[in-house]
Amino acid sequence: QPLRRQSGLIAAVNRALLRPVFGAMVRGSCADVIWLTHPEQVEYIPREYQGKVVYDCMDDALAFPQPAVFTERMKRDEAALVSRADLVLTSSASLGETLRRRYGASEHTRLVRNGCSGSQAAATSSTSRDIDRLWHLGYVGTLATVDVEALMTLLQSLSDVCVDLVGPIVSWTGPTDHPRLRLRGALRHEQLAEFAETCCCLVAPFR
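Everything numeric in this text was worked out from a predicted model, so none of it was measured. (Residues numbered from 1 in each chain as written. Predicted model: local features only at pLDDT ≥ 70, side-chain atom pairs only at ≥ 80, totals over all residues. Heavy atoms only, no water.)

**Topic: the overall build of the protein chain**
Here comes step 1: Check the secondary structure of the protein chain and you find 5 helices and 8 strands.
Here comes step 2: Its helices and strands in sequence order give the protein chain the pattern α-β-β-α-β-α-β-β-α-β-β-α-β, from N to C terminus.
Here comes step 3: Burial analysis of the protein chain (207 residues in total) assigns 33% to the buried set.
Here comes step 4: The long-range share in the protein chain, meaning contacts at least 24 apart out of those at least 6 apart in sequence, stands at 55%.
Here comes step 5: When the accessible surface of the protein chain is split by element, carbon and sulfur atoms take 55% of a total near 12800 Å². (Helix = DSSP H or I, 4+ residues; strand = E, 2+ residues; numbered from the N terminus. Buried < 20%, exposed > 50% of the residue type's maximum accessible area, 1.4 Å probe, protein only. Contact = heavy atoms within 4.5 Å. Areas by Shrake-Rupley, 256 points an atom, 1.4 Å probe, with all protein chains shown as cover.)

**A few points about the layout of surface pockets**
Here comes step 1: Volume-wise, the second largest pocket comes out at about 440 Å³.
Here comes step 2: In this structure, the second largest pocket is lined by 22 residues; those nearest its centre are F22, L36, E40, Q41 and Y44.
Here comes step 3: Per-element accounting of the lining of the second largest pocket gives the leading share, 7 residues, to helix α1 (residues 8–29).
Here comes step 4: Considered class by class, the residues forming the lining of the second largest pocket number 12 nonpolar, 4 polar and 6 charged. (1 Å grid on protein atoms, 1.4 Å probe; cavity = no way out; pocket = protein on both sides within 12 Å on 5 of 7 lines; lining within 4 Å. Points joined across faces, edges and corners; volume = space filled by probe spheres on them. Nonpolar A, V, L, I, M, F, W, Y, C, P; charged D, E, K, R; others polar.)

**Points about the sheet that holds strand β5 (residues 135–140)**
Here comes step 1: Pairing is parallel across the open sheet formed by 4 strands, whose spatial order is β7-β6-β5-β8. Each edge of the open sheet carries a strand with a single partner, namely β7 (181–185) and β8 (201–202).
Here comes step 2: For β5 and strand β6 (residues 161–166), the ladder comprises 6 bridges, and the chain directions are parallel. Bridged to G138 within β6 is D164.
Here comes step 3: Seen against the sheet, helix α5 (residues 189–197) touches β5, β6 and β7 and runs at an angle of roughly 155° to β5. (Pairing = 2+ DSSP bridges. Axes fitted to C-alpha atoms, helices over the stretch in contact; angles between N-to-C directions.)

**With respect to empty space enclosed by the protein**
Here comes step 1: According to the stated counting rule, one finds 1 cavity of 30 Å³ or more in the structure shown.
Here comes step 2: Computed from the structure, the largest cavity encloses a volume of approximately 40 Å³.
Here comes step 3: For the largest cavity, the full set of lining residues is V82, V88, L99, R100, G104, S106 and T109.
Here comes step 4: Here the lining of the largest cavity is composed, by residue class, of 3 nonpolar, 3 polar and 1 charged.

**Some thoughts on the nonpolar core**
Here comes step 1: Grouped together as the largest cluster of nonpolar side chains are 15 residues, with contacts concentrated most on I34, L36, I45, Y49, V53, Y55 and L81.
Here comes step 2: Of all elements in the fold, only β1 (33–36), β2 (52–57), α2 (68–84) and α3 (93–103) reach the threshold of two or more residues within this core.
Here comes step 3: Among the elements that take part in this core, β2 stands out by supplying 3 residues, more than any other.
Here comes step 4: Setting aside chain neighbours within four positions, we find V53 in contact with I34, L36, I45, L81, R84, A85, D86 and L87.
Here comes step 5: Membership of the second largest hydrophobic core comes to 12 residues, among which are L137, L143, L165 and L181. (Core = buried A, V, L, I, M, F, W, Y, C linked by side-chain atoms within 4.5 Å.)

**Looking at the sheet that holds strand β4 (residues 109–111)**
Here comes step 1: On the basis of which strands lie adjacent, the open sheet formed by 4 strands has the order β1-β2-β3-β4 and parallel pairing. Looking at which strands have only one partner, the edges of the open sheet turn out to be β1 and β4. Neighbour-to-neighbour, the strand axes of the sheet open up by a mean angle of 20°, direction not taken into account.
Here comes step 2: Bridge count for β1 against β2 is 4 bridges, and the pairing is parallel. Pairing of I34 across the sheet is with V53, part of β2.
Here comes step 3: Each of β2, β3 (87–90) and β4 touches α3; the most contacted strand, β3, lies at about 135° to it.

Take a look at the structure:
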């Protein structure tokens, strides 16, 4: 599966193997709703499936670094998924606008902000250094797509900066012993506001 974007042959074999597997899962479950989170998954909906389809669009999948041939195929998949879906959820207004610009307006699109439990915490404007006299930069999300090289260059260049990463550590591919790079693991939603208060700013360290 991880190698599918490095070889067209591997990608084709991957699709051929997964179609019957997912098809059997859907038919065996008698599912009324299929909830998809990525454009490529539309290929695995059984042709005879008559239930509802939800496209939960959390990211702009086409914007991630990958060979152009895979981006074009993914764009075709996403167009098919948006057309097939009975409900399209986007995690931001700008992401919804991106889908509308690419594929046209859809009355089935709804905005549901990512990671929001419904309760709101009071905003703060703290920009002071922490007790350790370091400027803490915070990040919350998946660690699988973090630009490790950029973070290490940052820490090497700025000796008074610390980076705190919140997310599942299992997907982290960088060092675990840097004194100014702290892996906080996953936090509950209600803990995120408290974490943010310890940071002078939040960053999105992607390529």
